[in-house]
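Topology and contacts: notes
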Amino acid sequence: APFYSVNAEMTPLDVIDAVNSGFKIAENTYGIKSGLILCGMRNDPKDVIKVANLCIEAKNKIIGFDIAGPELHFPPSLFGESFKKVKDLGVNITIHAGEGDGVNSIADALDNGAMRLGHGVRIIEDINDNKIGKTASKVIDLQIPLEICITSNIHTNMYKNYESHPIVDLIDLGFNVYLNTDNRLMSNTSISKELEIAKNLGIDSVERLLKYSASDSFFN
């Protein structure tokens, strides 16, 4: 959310350059390759527009565009013009959908160019008595990546505990699932912790989840 970091001395482009300079040090020192996804806050439509325009201005310094913040009452279609603008210029799109709102939000995200789904966990609600609904079928057929954040989903009261989380069912049904931390600080987690949780839930070969994560990281 670049506009949340500006001040009298730092422009949005300065913010991008500062973060990328840290990424470069990490890559040179540790071999860690990172990229910036610029995020508009959906409860502030003006911010979304500004971030979309910044994506265009800084296209060669970023890897994608996203909207986050409160999902309910702020569907992706509210920002359709911004999504079309960045998509037409080849900017990757990931949209937070399917956590704070349901399947309708996921369908809307796909209609607005989402190449990945932030969370997306509530796609499980489009499956009843093993009958796969239209949106779920589309997500499976296109192998849209689901950025699943187990711990975060519990902390936001989506699910009562790890055992009630549907990640195992999502994998068994053929969804393209990979692990994400969401907010490491607020959830006091890491990708290592999330992998351990997945392993404890009985997911075989959790390493494949990392492989999926890398293959859908917008660097290809």
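Predicted, not measured: the structure shown is a model, and the values here were computed from it. (Residues numbered from 1 in each chain as written. Predicted model: local features only at pLDDT ≥ 70, side-chain atom pairs only at ≥ 80, totals over all residues. Heavy atoms only, no water.)

What follows is about the nonpolar core. Within the largest apolar cluster, 50 residues are counted, with the highest numbers of intra-cluster contacts made by F65, L117 and F175. If one sorts the elements of this core by residue count, helix α2 (residues 45-57) sits on top with five residues. Contact partners of F175, with chain neighbours within four places excluded, come to I123, I127, A136, V139, I140, Q143, L146 and L170. (Core = buried A, V, L, I, M, F, W, Y, C linked by side-chain atoms within 4.5 Å. Buried < 20%, exposed > 50% of the residue type's maximum accessible area, 1.4 Å probe, protein only. Helix = DSSP H or I, 4+ residues; strand = E, 2+ residues; numbered from the N terminus. Contact = heavy atoms within 4.5 Å.)

Moving on, we come to the packing of aromatic side chains. According to the stated counting rule, one finds one aromatic pair in the structure shown. Taking the centre distance of 5.4 Å and the plane angle of 55° together, the rings of F65 and F83 count as tilted. Taken together, the residues F65 in strand β2 (residues 64-68) and F83 in helix α3 (residues 80-88) connect sequence positions 18 residues apart. For F65, a relative accessible area of 0% corresponds to the buried category. In this structure, K50 is placed above the aromatic ring of F3, and the distance from its NZ or CZ to the ring centre is 4.6 Å. Above the ring of F218, the side-chain terminus of R116 is found at 4.4 Å from the ring centroid. (Phe/Tyr/Trp six-rings, centres within 6.5 Å; stacked < 30°, edge-to-face > 60°. Lys NZ or Arg CZ within 6 Å of the ring centre and 35° of its normal.)

Of note in the backbone geometry, N130 takes a positive phi value of approximately 65° without being a glycine. Along the polypeptide, N130 turns up in the loop between β5 (127-128) and β6 (131-132). The backbone of N157 shows a phi angle near 65°, a positive value even though the residue is not glycine. Along the chain, the position of N157 falls in the loop between α6 (150-155) and α7 (167-172). Classification of N157 as exposed rests on a relative accessible area of 69%.

Moving on to the packing of α2 against α3. Their axes nearest at 10 Å, the elements α2 and α3 cross at an angle of 5°. By the angle between their axes, α2 is roughly parallel relative to α3. Contact residues: V48, I49, A52, N53, C55 and I56 in α2; S82, K85 and V86 in α3. Among the residues forming the contact of α2 with α3, the class breakdown is six nonpolar, two polar and one charged. (Axes fitted to C-alpha atoms, helices over the stretch in contact; angles between N-to-C directions. Parallel < 35°, antiparallel > 145°, perpendicular 65-115°, else oblique. Nonpolar A, V, L, I, M, F, W, Y, C, P; charged D, E, K, R; others polar.)

Looking now at helix α1 (residues 12-30). In an α-helix there are 3.6 residues to a turn, and that puts residues three or four apart on one side. Between its terminal C-alpha atoms α1 stretches 27 Å, which fits the 27 Å expected from 19 residues at 1.5 Å a residue. Every buried residue of α1 is listed here: P12, V15, I16 and A26. Projection of α1 onto a plane perpendicular to its axis shows the buried side chains occupying an angular sector of 95°, all on one side. Residues of α1 that are exposed and point over 90 degrees away from its buried face: I25 and N28. At the C-terminal side of α1, G31 shows a positive phi close to 80°. (Expected span 1.5 Å × (residues − 1). Arc of directions from axis to C-beta.)

The interhelical angle for the contact between helix α4 (residues 103-111) and helix α5 (residues 134-141), taken along N-to-C directions, is 45°, at an axis separation of 10 Å. With respect to their mutual orientation, α4 and α5 come out oblique. In this structure, α4 meets α5 at a crossing whose hand is left-handed. For the pair formed by α4 and α5, the contact residues are V103, I106, A107, L110 and D111 on the first element and T135, K138 and V139 on the second. Each residue belonging to the contact of α4 with α5 can be placed in one class, and the counts come to five nonpolar, one polar and two charged. (Left-handed = near helix turned anticlockwise from the far one by under 90°.)

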